[in-house]
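So you can see what is in the structure, the chains are spelled out below.
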Amino acid sequence: MMLRNILNAITFYTYWWLSFWGASKGIYYIGPLIAILYFILHFYLIENKVKEFKYMLFCILVGFMFESFLLYTGFINYNGLLSQKYAIVPIWVIILWGGYALTAFHSFKYISGRYLVSFIIGTFLCPLIYIAGDRVGAIYLNYEITFSYIVLMVMWSIIFPIMNYVSVRIDD
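Calculation rules
- Residues numbered from 1 in each chain as written.
- Predicted model: local features only at pLDDT ≥ 70, side-chain atom pairs only at ≥ 80, totals over all residues.
- Heavy atoms only, no water.
- 1 Å grid on protein atoms, 1.4 Å probe; cavity = no way out; pocket = protein on both sides within 12 Å on 5 of 7 lines; lining within 4 Å.
- Points joined across faces, edges and corners; volume = space filled by probe spheres on them.
- Helix = DSSP H or I, 4+ residues; strand = E, 2+ residues; numbered from the N terminus.
- Nonpolar A, V, L, I, M, F, W, Y, C, P; charged D, E, K, R; others polar.
- Patch = residues over 30% accessible without salt bridge, like charges linked within 9 Å, V, L, I, M, F, W, Y side chains within 5 Å.
- Areas by Shrake-Rupley, 256 points an atom, 1.4 Å probe, with all protein chains shown as cover.
- Salt bridge = Lys/Arg side-chain N within 4 Å of Asp/Glu carboxyl O.
- Contact = heavy atoms within 4.5 Å.

Asks: Please clarify how the layout of surface pockets should be interpreted in this entry.
Replies: In this model, the largest pocket occupies a volume close to 580 Å³. Looking at the largest pocket, it is lined by 24 residues, and the ones nearest its centre are Phe12, Trp16, Cys126, Ile129 and Trp156. For the lining of the largest pocket, the leading source of residues is helix H6 (residues 115–136), giving 6 residues. Here the lining of the largest pocket is composed, by residue class, of 23 nonpolar, no polar and 1 charged. Roughly 460 Å³ of internal volume is contained in the second largest pocket. Lining the second largest pocket we find 19 residues, and of these Arg4, His42, Leu45, Ile46 and His106 sit closest to its centre. Those elements giving two or more residues to the lining of the second largest pocket turn out to be helix H1 (2–25), helix H2 (30–45) and helix H3 (49–72). A total of 5 residues in the lining of the second largest pocket trace back to one element, the largest contributor, which is H1. Residue classes in the lining of the second largest pocket are distributed as 7 nonpolar, 6 polar and 6 charged.

What follows is the structure, given as structure tokens:
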């Protein structure tokens, strides 16, 4: 079980960084390709496919709405085929939300039901993902970094505990 959780985390972060790197280099398919392979393997190996699939759909929907809000308000721009031409959040971004869902019952299980921990992670760490994406050129924060970080802190302090709550409810 411990080895599976370690592999779960390693795989998630591997395609997460590959998605950022690929988007920064115009190779938009590399992260999603690795993610899809991981998703197939993950669903092959796990027991409760329905539970995780429901949570994955929830996270993808929340992610699409959240990232679309950031895009349409002009807060952020993404490198991606659809976002540059049609102002649609790129698939490499949305698939990261689905990938997070597949960590919630495994490598991130330690935060399940721990709402203060998810509040702290959401407030202080999740905004750093966007700053990292901006630094490598995968996304562009359209405001100064400190302002962007504060805005993202507020948003993620709400979103991440809600995602934790939903995962607990689905896990019951």
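Asks: Is there a simple way to explain a nonpolar patch on the surface in this structure?
Replies: On the surface, a cluster of nonpolar side chains totalling about 850 Å² of accessible area is made up of Leu61, Phe64, Met65, Tyr72, Leu81, Leu82, Tyr86 and Ile88. If you tally residues by element for the nonpolar patch, the top one is H3, at 4 residues.

Asks: Just checking my understanding: could you explain the side chain of Asn5 for this structure?
Replies: Along the chain, Asn5 turns up in helix H1. Apart from the residues within four sequence positions on either side, Asn5 is in contact with His106 and Ser107.

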